[in-house]
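# Breakdown of the fold
Letter by letter, the chains look like this.
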Amino acid sequence: MPKPTGPSNVELRLLIRFLRKASAQTGAGIWRYVAELLEKPRRSRVFVNLSKIDRYSSENDVVVVPGKVLGSGELRKKVTVAAFRFSDDAVEKIRGAGGDAINIAELVKRNPKGSGARIIT
């Protein structure tokens with residue numbers, strides 16, 4: 001019997017399937033690309049600090065992190081951050097700066113075409 005591939009986290013598998021369907025329905029390639037990034041092996045998972053988000057985003061940007069957002073650094077801009085997971089400190093700092101920390105599925109529901117979203121890895 002072949003060894004199963006892909007993530008073993010059920011929540012992550014459901015999100016990847018949801019993103020692939022959203023990409024097929026809307027024709028937005030951004031969601032297919034985010035699904036591919038989330039499907040990578042565990043050792044290649046994305047971890048992004050708030051300092052990196054602050055460096056590469058502008059005021060009122062929508063940022064997608066296909067992984068986990070960590071709370072290291074400062075966020076001085078009001079941005080909407082969508083990620084698979086957040087550390088508690090990161091959520092507190094994002095909301096403290098006036099931004100919004102949401103799940104990637106919530107962002108797909110808000111913006112099905114993915115227009116204006118910036119992927120940070």
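The structure this text deals with has already been given above.
Residues numbered from 1 in each chain as written. Predicted model: local features only at pLDDT ≥ 70, side-chain atom pairs only at ≥ 80, totals over all residues. Heavy atoms only, no water.

### Things to note about the overall build of the protein
Counting secondary structure elements, the protein contains five helices and five strands. Across the protein, helices and strands are ordered from the amino to the carboxyl terminus as α-α-β-α-β-β-α-β-α-β. For the protein, the C-alpha atoms occupy an extent of roughly 50 × 30 × 20 Å along the three principal directions. By the burial criterion, 40% of the 121 residues in the protein qualify as buried. If you take every contact in the protein between residues at least 6 apart in sequence, the share linking residues at least 24 apart comes to 41%. Surface summary for the protein: the accessible area is close to 7,100 Å², and the carbon and sulfur share equals 48%. (Helix = DSSP H or I, 4+ residues; strand = E, 2+ residues; numbered from the N terminus. Buried < 20%, exposed > 50% of the residue type's maximum accessible area, 1.4 Å probe, protein only. Contact = heavy atoms within 4.5 Å. Areas by Shrake-Rupley, 256 points an atom, 1.4 Å probe, with all protein chains shown as cover.)

### Looking at the pairing of strand E3 (residues 80–86)
Successive residues of a regular strand alternate their side chains across the two faces of the sheet. As paired elements, strand E2 (residues 62–70) and E3 share six bridges and run parallel to each other. When the bridges of E3 are listed, Val62 appears paired with Thr80. In this fold, the crossover linking E3 to strand E4 (residues 100–103) by way of helix H4 (residues 88–96) has right-handed handedness. (Pairing = 2+ DSSP bridges. Right-handed = clockwise from strand over helix to strand, strands pointing away.)

### Some points on the pattern of salt bridges
Applying the stated criterion across every chain yields a total of seven salt bridges. When the shortest N-O distance is used, the salt bridge between Arg20 and Glu39 registers 2.6 Å. Of the two residues, Arg20 is situated in helix H1 (residues 10–26) and Glu39 in the loop between helix H2 (29–38) and strand E1 (46–49); the sequence distance between them amounts to 19 residues. Overall, Glu39 belongs to the partly exposed group, its relative accessible area being 35%. A salt bridge links Glu106 to Arg110; the nearest nitrogen and oxygen atoms lie 3.5 Å apart. (Salt bridge = Lys/Arg side-chain N within 4 Å of Asp/Glu carboxyl O.)

### Considerations on the packing of H1 against H2
Between H1 and H2, the least distance of the axes is 7 Å, while the angle of their chain directions is 160°. Of the possible angle classes, the one that applies to H1 and H2 is roughly antiparallel. Between H1 and H2 lies a crossing whose hand is left-handed. Taking contact as the criterion, the partners of Leu12, Leu15, Ile16, Leu19, Arg20, Ala22, Ser23 and Thr26 in H1 are, on H2, Gly29, Trp31, Arg32, Val34, Ala35, Glu36 and Leu38. (Axes fitted to C-alpha atoms, helices over the stretch in contact; angles between N-to-C directions. Parallel < 35°, antiparallel > 145°, perpendicular 65-115°, else oblique. Left-handed = near helix turned anticlockwise from the far one by under 90°.)

### A few points about the environment of Glu106
As for its position among the elements, Glu106 is in helix H5 (residues 104–110). Between the C-alpha atom of Glu106 and that of Ala83, which follows or precedes it by 23 residues, the distance is 9.8 Å.

### Comments concerning the environment of Glu59
Within the secondary structure layout, Glu59 lies in the loop between helix H3 (50–56) and E2. On a C-alpha basis, the gap between Glu59 and Thr80 in space is 9.5 Å, while along the polypeptide they are 21 residues apart.

### Points about unusual backbone geometry
Phi at Asn60 takes a positive value of approximately 65°, unusual for a residue other than glycine. One can find Asn60 in the loop between H3 and E2. For Asn60, a relative accessible area of 54% translates into the label exposed.

### Some remarks on the nonpolar core
Ranked by internal contacts, the top residues of the largest apolar core, which has 20 residues, are Leu15, Leu19, Trp31, Val34, Leu38 and Ile104. When contributions to this core are tallied by element, the ones reaching two or more residues are H1, H2, E3 and H5. Not counting residues up to four positions away in its chain, the partners in contact with Trp31 are Leu19, Ala22, Ser23, Thr26, Leu107, Val108, Asn111, Pro112, Lys113 and Gly114. (Core = buried A, V, L, I, M, F, W, Y, C linked by side-chain atoms within 4.5 Å.)

No statement about biological role is implied by the geometric values presented.
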